[in-house]
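This is what each chain is made of:
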Amino acid sequence: MEDRYNVECCDFIHAHGELVERVRGQMPGEDTLYDLTELFRIFGDSTRIRILYVLFEAEMCVCDIASLLGMTQSAISHQLRALKNARLVKSRREGKTVFYALADDHVKTIINQGLEHVSE
C-alpha cells in the first residue's frame, strides 16, 4: 500500500512540472535555509524565550535577569551568549556592568507573531 501512495505522489509531481519548477525557483538556497533553521533552534528553548520577553520591557544586566527569572547568573550568561551569537540581543558596557537589549524590532515581531499564533 505504501508503494502505491508513492507512485501516485510521483505521478502528481510529474503532472505539474511547471508548478514544481516555479516553486523550486522561489526556494531559498541551502545556506539560507540552514541559517533559518538555526534561528528557529534558538527560539526552541523556553529560557531563551523568557530572556527575550524580559528584554521586550527593558535593557537589563545579567544579575537583574537572573533575579527576575530565578536562575543563576551563569545560566543566564550562557543563554545570552547564544542569543548574542544569533544576533538576537546586543550588549553595551557601562563601567563594569554589561547591559543587554533586543538587537532590533525584528525580534519583537517574531515573538509577537509566535504569541499570536499560539493564542489562536
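Higher on the page you've got the structure.
Conventions and cut-offs
- Residues numbered from 1 in each chain as written.
- Predicted model: local features only at pLDDT ≥ 70, side-chain atom pairs only at ≥ 80, totals over all residues.
- Heavy atoms only, no water.
- Phe/Tyr/Trp six-rings, centres within 6.5 Å; stacked < 30°, edge-to-face > 60°.
- Helix = DSSP H or I, 4+ residues; strand = E, 2+ residues; numbered from the N terminus.
- Buried < 20%, exposed > 50% of the residue type's maximum accessible area, 1.4 Å probe, protein only.
- Patch = residues over 30% accessible without salt bridge, like charges linked within 9 Å, V, L, I, M, F, W, Y side chains within 5 Å.
- Areas by Shrake-Rupley, 256 points an atom, 1.4 Å probe, with all protein chains shown as cover.
- Salt bridge = Lys/Arg side-chain N within 4 Å of Asp/Glu carboxyl O.
- Axes fitted to C-alpha atoms, helices over the stretch in contact; angles between N-to-C directions.
- Parallel < 35°, antiparallel > 145°, perpendicular 65-115°, else oblique.
- Left-handed = near helix turned anticlockwise from the far one by under 90°.
- Contact = heavy atoms within 4.5 Å.
- Nonpolar A, V, L, I, M, F, W, Y, C, P; charged D, E, K, R; others polar.

## Brief notes about the packing of aromatic side chains
For any pair of aromatic rings, the description consists of the separation of the ring centres together with the inter-plane angle of the planes.
No. 1: Enumeration over the complete set of coordinates arrives at two aromatic pairs.
No. 2: For the pair Tyr-53 and Phe-56, a centre-to-centre distance of 5.0 Å together with 35° between the ring planes defines the contact as tilted. Of this pair, Tyr-53 and Phe-56 both sit in helix α4 (residues 46–57), three residues apart, roughly one helical turn.
No. 3: For Tyr-53, a relative accessible area of 43% corresponds to the partly exposed category.
No. 4: Classification of Phe-56 as buried rests on a relative accessible area of 13%.

## Some words on a nonpolar patch on the surface
No. 1: A cluster of nonpolar side chains, namely Leu-19, Val-23 and Met-27, defines an oily patch on the protein surface of about 260 Å² accessible area.
No. 2: With respect to the helices and strands, Val-23 occurs in helix α2 (residues 17–26).

## Details of the packing of α4 against helix α5 (residues 62–69)
No. 1: As a packed pair, α4 and α5 sit with axes 11 Å apart at the nearest point and diverge in direction by 115°. Our classification of the angle between α4 and α5 gives roughly perpendicular. α4 and α5 meet at a crossing whose hand is right-handed. Taken together, the residues of α5 that come into contact with α4 (itself represented by Arg-50, Ile-51, Val-54 and Leu-55) are Ile-65, Leu-68 and Leu-69.
No. 2: When its residues are assigned to classes, the contact of α4 with α5 shows six nonpolar, no polar and one charged.

The values are spatial; any link to function lies outside them.
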